[in-house]
Amino acid sequence: MWSDELSKYYSDLLDGSYNCVDRLVLNGYCSLCHSAGGFRTWWRRLHNGSDEELDENHLMRMAGRFLSFWSEDFSLTIQAARRSRTF
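The structure displayed is predicted, hence computed values, not measured ones.

Rules and cut-offs
- Residues numbered from 1 in each chain as written.
- Predicted model: local features only at pLDDT ≥ 70, side-chain atom pairs only at ≥ 80, totals over all residues.
- Heavy atoms only, no water.
- Salt bridge = Lys/Arg side-chain N within 4 Å of Asp/Glu carboxyl O.
- Helix = DSSP H or I, 4+ residues; strand = E, 2+ residues; numbered from the N terminus.
- Buried < 20%, exposed > 50% of the residue type's maximum accessible area, 1.4 Å probe, protein only.
- Phe/Tyr/Trp six-rings, centres within 6.5 Å; stacked < 30°, edge-to-face > 60°.
- Axes fitted to C-alpha atoms, helices over the stretch in contact; angles between N-to-C directions.
- Parallel < 35°, antiparallel > 145°, perpendicular 65-115°, else oblique.
- Contact = heavy atoms within 4.5 Å.
- Nonpolar A, V, L, I, M, F, W, Y, C, P; charged D, E, K, R; others polar.

Q: Any details on the pattern of salt bridges? Residues and values, ideally.
A: Scanning all chains against the criterion turns up 2 salt bridges. Arg40 serves as the salt-bridge partner of Asp51, at 3.0 Å between the closest nitrogen and oxygen. One end of the pair, Asp51, is in the loop between helix H2 (38-46) and helix H3 (56-73); the other, Arg40, is in helix H2, and 11 residues separate them in sequence. According to the relative accessible area criterion, Asp51 is partly exposed, its value standing at 24%. A network of salt bridges, in which partner residues are shared, links Arg40, Arg44 and Asp51.

Here it is as C-alpha cells:
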C-alpha cells in the first residue's frame with residue numbers, strides 16, 4: 001500500500017492514505033499540550049521554567065526549525081506557502 005520511503009518508515013503509525021503531490025498533512029496528539037495549562041508546562045520544561053520567550057515569533061521559529069530538521073532526515077524539499085487570510 002505505501003509507495004514512498006516516508007510512508008514505509010511510518011507505516012505502523014499511519015492510518016489511511018492521502019494522495020496529493022503538493023502538500024504533506026501531519027496530525028499528532030500530545031496529551032500534555034491538550035490539558036489545562038499543559039502547553040505552558042511543556043514550554044517551561046523546554047525553557048528552564050520561563051515564559052519569557054513564549055510569543056508568536058519564538059513559536060514560529062521553533063516550528064520552522066522542527067520542519068527543517070525533520071525534512072533533512074527524509075531529503076524533502078520544503079517550500080513556504082503564501083500567507084493567506086482565512087475566516
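Q: How would you summarise the packing of aromatic side chains if you had to cite specific residues and measurements?
A: The final tally for this structure, using the stated rule, is 2 aromatic pairs. Here the aromatic rings of Phe39 and Trp42 are separated by 5.3 Å at their centres, their planes lie at 40°, and the arrangement is tilted. Taken as a pair, Phe39 and Trp42 lie in helix H2 at a separation of 3 residues, close to a single helical turn. An aromatic cluster of three or more residues is present, and its members are Phe39, Trp42 and Trp43.

Q: Please set out the packing of H2 against H3 residue by residue, giving values where relevant.
A: At a minimum axis distance of 14 Å, the contact between H2 and H3 shows a crossing angle of 70°. For the element pair H2 / H3, the angle class is roughly perpendicular. Touching Phe39, Trp42, Trp43 and Leu46 of H2 are His58, Leu59 and Met62, all from H3. When grouped by side-chain class, the residues that make up the contact of H2 with H3 number 6 nonpolar, 1 polar and no charged.

Nothing here speaks to function; it is all geometry.
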